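Spelled out, the chains give:
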Amino acid sequence: MAVCIAVVAKENYPLYIRSVPSENELKFHYTVHTSLDVVEEKVSAVGKVLVDQRELYLGLLYPTEDYKVYGYVTNSKVKFVIVVESSNTSLRDNEIRSMFRKLHNSFTDVMCNPFYNPGDLIQSKAFDSVVSSMMVQAC
């Protein structure tokens, strides 16, 4: 399914990033950071137009030759980015939404942990297992 999953803080620094295969990690860091411009553009457009502001899913941010990049923004302006292969045509929009929903629920569990300081890198094993379950089919 996903080849890269990233959680980016409100201030645009990565809280968590994981990619498969790991030798392309730098390429995916670049892809995630370039997608942040599109995320900011879409979020600012929502404020100008009378669109449902409760809609957190941003949809397809941009396609490349090899990958499709999808975005999601929480109410606290934390951004989730999922990169999938363009060749994966069986993945539908509602499946991407459910992946973001699972990721958001797991992120909420991390935030509710009294030992986690907001803004620190996410090092939760439970969060890591949720991300691994979304990436397991790409391995």
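One structure accompanies this document, and this report is about it. Remember, it's a predicted structure, so these values are computed and weren't measured experimentally.

## What about helix α3 (residues 125-135)?
Among the residues making up α3, those that are buried are F127, V131, M134 and M135. Projected onto a plane normal to the axis of α3, the buried residues spread over an arc of 95° and lie on a single side. Counted as exposed and oriented over 90 degrees from the buried face of α3: K125 and A126. Among the structural elements, β1 (2-8), β2 (14-19) and α2 (93-112) are those in contact with the buried residues of α3. Capping the start of α3, S124 holds a side-chain oxygen 3.3 Å from the backbone nitrogen of A126, two or three residues further along.

## Points about the nonpolar core
The nonpolar side chains of a soluble globular protein tend to be buried, and buried together. Of all hydrophobic cores here, the largest spans 28 residues; its most connected members are V7, I122 and F127. Within the residue set of this core, elements represented by two or more residues are β1, β2, β4 (67-73), β5 (79-85), α2 and α3. Counting residues per element, this core draws most heavily on α2, at six residues. The contacts of I122, once residues within four sequence positions are left out, are V7, L15, Y16, F107, V110, Y116 and F127. Within the second largest apolar cluster, 16 residues are counted, among which are C4, A6, L61 and Y67.

## With respect to the packing of aromatic side chains
Under the counting rule described, the total for this entry stands at six aromatic pairs. Taking the centre distance of 5.1 Å and the plane angle of 70° together, the rings of F28 and Y67 count as edge-to-face. Of this pair, F28 sits in helix α1 (residues 25-48) while Y67 sits in strand β4; the two residues are 39 residues apart in sequence, bridging distant segments of the chain. Each member of the pair, F28 as well as Y67, carries the same accessibility label: buried.

## As for the pairing of β5
Burial analysis of β5 places six of its seven residues in the buried class, the great majority of the element. Sheet analysis places β1 next to β5, joined by six bridges and oriented antiparallel. Looking across to β5, one finds that C4 is bridged to V83. For β4 and β5, the ladder comprises seven bridges, and the chain directions are antiparallel. Note on β5: the bridge partner recorded for K68 is V84.

## Comments concerning the pairing of β1
For β1, the tally of buried residues reaches seven of seven residues, placing the bulk of the element in the interior. Pairing of β1 with β2, which is carried by five bridges, proceeds in the antiparallel orientation. Considered in β2, the bridge of C4 is made with S19. Turn length for the β1-β2 hairpin, with the two strands adjacent in sequence and antiparallel, is five residues, and the turn residue N12 shows positive phi of about 65°.

## Let's talk about the side chain of H104
Position of H104 relative to the elements: it lies in helix α2. The exposure class of H104 is buried, given its relative accessible area of 17%.

The rules we used
Residues numbered from 1 in each chain as written. Predicted model: local features only at pLDDT ≥ 70, side-chain atom pairs only at ≥ 80, totals over all residues. Heavy atoms only, no water. Buried < 20%, exposed > 50% of the residue type's maximum accessible area, 1.4 Å probe, protein only. Helix = DSSP H or I, 4+ residues; strand = E, 2+ residues; numbered from the N terminus. Arc of directions from axis to C-beta. Contact = heavy atoms within 4.5 Å. Polar contact = N/O pair within 3.5 Å; in protein donor to acceptor, adjacent residues only side chain to side chain. Core = buried A, V, L, I, M, F, W, Y, C linked by side-chain atoms within 4.5 Å. Phe/Tyr/Trp six-rings, centres within 6.5 Å; stacked < 30°, edge-to-face > 60°. Pairing = 2+ DSSP bridges.

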